[in-house]
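# A closer look at the structure
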Amino acid sequence: NNENHLVISASTASGKTEAAFLPIVSEMLKNPVTGINTIYIGPLKALINDQFRRVEELCQRSEIPVHKWHGDVLAGKKKVIKTSPKGILLITPESLESIFINHTSNLFKMFNNLKYVVIDEMHSFIGEERGIHLKSLILRLNKIASQDLRLIGLSATLGDMHKSGEWMTENLEKPFELITDS
């Protein structure tokens, strides 16, 4: 119930996504805001499409909108996110960069009330150029958001989990906690 960043590591199909999103959705119901409250960042469009169905199902009864944004998403759906942003956004780092470049005038409206960034398959970003890019995006989001972001890293295959948490929270104020499934 604290505000520390989290690293959640457990085997594949063990419920990491739900472990991250159930408390987030509960808080969103208690304290609704305009704009995107949570960004889920995944390394692949296919993973985003798969997780979109899971998160959308989780949010169905709560009426929290769930959106995805990548190259295959229709322009009309992206327009809704830009003009009436609300809820949860699932996106790749490259698509998030595209928003920063191509939709600058919408950034504040979209991300001012951002609170959570969930990084799935975190191991795929550590030690890679995409990871450096992702950390840059998170720092830029943190400047737009009206509060310090809370990061939640998910992975089934982290090596040194403490170093993974340090990687995720480098240049950020709050500490991280590890949650593992033995």
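Predicted model only: the values in this text are computed from it and were never measured.

### Re the packing of aromatic side chains
A full pass over the atoms with the stated rule returns one aromatic pair. The ring of Phe52 has Lys68 lying over it, and the distance from NZ or CZ to the ring centre is 4.9 Å. The aromatic ring of Phe100 is capped on one face by Arg140, whose charged end is 4.8 Å from the ring centroid.

### Topic: the sheet that holds strand E7 (residues 176–180)
Ordered in space as E3-E4-E2-E5-E6-E1-E7, the seven strands form an open sheet in which the pairing is parallel. The open sheet is flanked by strand E3 (66–69) and E7, the only strands paired with a single partner. Neighbour-to-neighbour, the strand axes of this sheet turn through a mean angle of 20°, independent of strand direction. Bridge count between strand E1 (residues 5–9) and strand E6 (residues 150–155): four bridges; the pairing is parallel. From the neighbouring strand, Val7 faces E6, where its bridge partner is Gly153. Contacts from helix H3 (residues 75–83) reach strand E2 (35–41), E3 and strand E4 (86–91) within the one sheet, and its direction differs from that of E3 by about 120°.

Rules and cut-offs
For every chain, the first residue of the written sequence is number 1, and numbering continues from 1 onward in sequence order. Residue-level local features of this predicted model are given only where pLDDT is at least 70; pairs of side-chain atoms are given and counted only at 80 or more, and the full residue set underlies all totals for whole chains, interfaces and linings. Water and hydrogen atoms play no part in the side-chain values, which are based on all heavy atoms of the structure. The criterion for an aromatic pair is that two Phe, Tyr or Trp rings (for Trp, the six-membered ring) have centres within 6.5 Å, with stacked assigned to planes under 30 degrees apart, edge-to-face to planes over 60 apart and tilted to the rest. Whether a charge sits over a ring comes down to the Lys NZ or Arg CZ being within 6 Å of the ring centre and within 35 degrees of the ring normal. Strands are labelled as partners when DSSP assigns at least two bridges between them. In this text, helices come from DSSP runs of H or I with a minimum length of four residues, and strands from runs of E with a minimum of two, each type numbered from the N-terminal end. Lines fitted to the C-alpha atoms define the axes, with helices restricted to the stretch that makes contact. Angles between their N-to-C directions range from 0 to 180 degrees. Throughout, a residue-residue contact means that at least one pair of heavy atoms, one from each residue, lies within 4.5 Å.

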